[in-house]
Amino acid sequence: MLLDNKVALVTGASRGIGRAIALELAKEGAIVCVNFQRNNTRAGAVLDELKKISQKPHCLVPFDISSWEAAEKEITTLVQKTGTLDILVNNAGVTKDNLLLRMKEAEWDEVIHTNLKGVFNCSKVAAKFMLKQRRGRMINITSLSGEMGNPGQTNYSASKAGVMGFTKSLAKELGSRGITVNAISPGFIQTDMTNSLSSELQTEICKNIPLGSFGTCEDVAHLVVFLASDKARYITGQGVGVNGGLYM
Ligand SMILES: NC(=O)c1ccc[n+]([C@@H]2O[C@H](COP(=O)([O-])OP(=O)(O)OC[C@H]3O[C@@H](n4cnc5c(N)ncnc54)[C@H](O)[C@@H]3O)[C@@H](O)[C@H]2O)c1
C-alpha cells in the first residue's frame, strides 16, 4: 500500500475525475474525505464505493470551495476529527463557456471564483496544518485549455493557467517544510462533459491525439496516487500533462 492511513481530502469528488481519484487513493490505503457541492446527490454513492474498498473512516465534507469562510470552517473541523491532513487534491472545477464578447461578468466570476480562488481557499487552510506536521502533498488539477487556450474558454483557460502559476509559487514557499505542490493537466478525458460531444467531433479530435483516444478518469487518478506517495518525494512545482500526447 502506497498511502496506508494517509488522510486525503479530494474536492469535487462526487463524480468524474474526482470520484476516480477518491477510489484510487482508497485502494492504496488512504482515508478519503469527499468534498462536493451540497446539492449533489451522487456523493453518497461514492462513499458507499469507498466503504467497499476499505473499512476506514472515509467521510463526506460538503462545502462550496469558492467560499473562504466555508473552506476554513469545514477543513478545520475535518482536521480536528481526523487529527491530520496528509494529501489535498484540488480537483473541483466548473466551465461556463462563451465567446468573450458574449461572456457575462457572472460567467467570468463563477469560473474564477471556483477554479482559482477555490484552490487558494483550500490550499491556504491545508497548508496551515501541513506546515505544523512538516509534511504534505498538494495536487492541483488544471487543464490542457490552460496551456493551449481554447475558443469560448477565456475564463476557464485563465483560471487553469492561474492555478499553474499558483502551484509553482506555493511549491517554492513550502518546499523547505517537506510539502510538495504539483499540478496535473488532463486533456480529453471520458466524463459527462466530453460524452456530450458528438461522436463525429470525438472522432475528429482523436485524429490529433498521438495515442488515438480520450483518456479515462483512472489515467489521471493513477498519477495523483503516485504524486501523493513517498515515491514522488523529489518532485515539486511540476505540471504533468495526461493528454495522450495531444500537447507536448
Ligand atoms: N473532463 C475533462 O475532460 C477534463 C479535462 C481537463 C481538466 N479537467 C478538470 O478536471 C476536474 C474534474 O473534472 P470533471 O470533468 O470530473 O468534472 P465534473 O463536472 O464531472 O465534476 C466536478 C465536481 O466538482 C464539484 N464542484 C463544482 N463546483 C464546486 C464548488 N464550488 N465547491 C465544491 N465542489 C464543486 C462538483 O460537485 C463535482 O463533484 C476539473 O477541475 C476540470 O476542470 C477535466
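Please refer to the structure higher up on the page.
Residues numbered from 1 in each chain as written. Predicted model: local features only at pLDDT ≥ 70, side-chain atom pairs only at ≥ 80, totals over all residues.

1. Some details on the overall build of the protein
Put simply, the test is: Put simply, DSSP marks the helices as runs of H or I at least four residues long and the strands as runs of E at least two long, and each gets a number from the N terminus on. A radius of gyration in this sense is built from C-alpha atoms; the matching globule rule multiplies 2.2 Å by the number of residues raised to 0.38. Field definition: a residue is buried when 20 or more other C-beta atoms are found within 10 Å of its C-beta, exposed when 12 or fewer are, and partly exposed for counts in between, with C-beta atoms placed from the backbone.
Across its full length, the protein holds 9 helices and 7 strands. The C-alpha radius of gyration of the protein comes to 17 Å, within 12% of the 18 Å expected for a compact globule of 248 residues. By its C-alpha atoms, the protein is 50 × 40 × 35 Å across when sized along the principal axes. Scored against the burial criterion, the 248 residues of the protein give a buried share of 45%.

2. Concerning the nonpolar core
As a reminder of what qualifies: Residues of type Ala, Val, Leu, Ile, Met, Phe, Trp, Tyr and Cys that are buried and joined through C-beta atoms within 7 Å form what is called a nonpolar core. We call two residues in contact when the distance between their C-beta atoms, placed using the backbone, is within 7 Å.
One finds Ala8, Ala22, Val32 and Val224 to be the most contacted residues of the largest nonpolar core, which totals 63 residues. The contact partners of alanine 22, leaving out residues within four places of it in the chain, are Val10, Ala13, Val32, Val34, Val46 and Leu50.

3. Some remarks on helix 6 (residues 154-174)
Put simply, the test is: To estimate how far a helix should extend, the number of its residues minus one is multiplied by 1.5 Å.
Taking 1.5 Å of rise per residue, 21 residues should cover 30 Å, and helix 6 covers 30 Å from first to last C-alpha, within 8% of that figure. Within the sequence span of helix 6, burial applies to Asn155, Tyr156, Ser157, Ser159, Lys160, Val163, Thr167, Leu170 and Leu174.

4. Considerations on the pairing of strand 5 (residues 136-141)
Stated formally: Whether two strands pair depends on DSSP finding at least two bridges between them. Classification remark: right-handed applies to a crossover when, strands pointing away from the viewer, the course from the first strand over the helix to the second runs clockwise.
By the criterion of burial, strand 5 is predominantly enclosed, with 6 of the 6 residues buried. Bridging between strand 4 (residues 87-90) and strand 5 involves 4 bridges; their strand directions are parallel. Counterpart to isoleucine 87 in the pairing with strand 5 is arginine 137. After leaving strand 4, the chain enters helix 4 (residues 105-133) and then returns to the sheet as strand 5, a path that is right-handed. Across 6 bridges, strand 5 lies against strand 6 (residues 179-186) in parallel orientation. Along strand 6, the bridge assignment pairs methionine 138 with valine 181.

5. Focus on the sheet that holds strand 4
To be explicit about the condition: Every axis in this analysis is a line fitted to C-alpha atoms, fitted for helices over the stretch in contact. Angles between the N-to-C directions lie between 0 and 180 degrees.
If you walk across this open sheet you meet the 7 strands as 3-2-1-4-5-6-7, and the pairing is parallel. In this open sheet, the two strands that pair with only one neighbour each are strand 3 (59-62) and strand 7 (239-242). Along the sheet, successive strands turn relative to each other by an average axial angle of 20°, direction set aside. Strand direction decides the pairing type here: strand 1 (residues 7-10) and strand 2 (residues 31-36), joined by 4 bridges, are parallel.

6. Digging into the packing of helix 1 (residues 16-27) against helix 2 (residues 43-53)
Each packed pair of helices is defined by two parameters, the angle between the axes and the distance between the axes. Operational definition: The scheme is simple: roughly parallel for angles under 35 degrees, roughly antiparallel for over 145, roughly perpendicular for 65 to 115, oblique for anything else. Left-handed describes a crossing whose near helix is turned anticlockwise from the far helix by less than a right angle; the clockwise case is right-handed. All amino acids are sorted into three groups, where Ala, Val, Leu, Ile, Met, Phe, Trp, Tyr, Cys and Pro are nonpolar, Asp, Glu, Lys and Arg are charged, and the leftover types, Gly among them, are polar.
Two elements in contact, helix 1 and helix 2, have axes separated by 9 Å at closest approach and are oriented at 15°. Of the possible angle classes, the one that applies to helix 1 and helix 2 is roughly parallel. You can see that helix 1 and helix 2 cross each other, and the crossing is right-handed. In this structure, helix 1 contributes Arg19, Ala22, Leu23, Ala26 and Lys27 to the contact, and helix 2 contributes Val46, Glu49, Leu50 and Ile53. Residue composition of the contact of helix 1 with helix 2, by class: 6 nonpolar, no polar and 3 charged.

7. A closer look at the environment of aspartate 109
With respect to the helices, strands and loops of the structure, aspartate 109 is situated in helix 4. A count of 14 C-beta atoms within 10 Å places aspartate 109 in the partly exposed class. Separated by 13 residues in sequence, aspartate 109 and lysine 96 place their C-alpha atoms 9.7 Å apart.

8. A short note on the site of the ligand
Under the convention used in this document: Near, for a residue, is defined by distance from a backbone-placed C-beta atom to a molecule or strand, with 6 Å as the limit that must not be exceeded.
In the neighbourhood of the ligand, 30 residues make up the surrounding shell, with Gly12, Gly16, Gly93, Ser143 and Ile189 lying closest. Mapped onto the shell around the ligand, the elements with two or more residues apiece are helix 1, strand 2, helix 4 and helix 7 (192-195). A breakdown of the residues in the shell around the ligand according to their chemical character gives 11 nonpolar, 16 polar and 3 charged.

9. As for unusual backbone geometry
Positive phi, close to 60°, is recorded for asparagine 5, a residue that is not glycine. You can see asparagine 5 is positioned in the segment before strand 1. Phi at arginine 134 takes a positive value of approximately 60°, unusual for a residue other than glycine. Within the element layout of this structure, arginine 134 appears in the loop between helix 4 and strand 5. A tally of 10 C-beta atoms within 10 Å means that arginine 134 is categorised as exposed.

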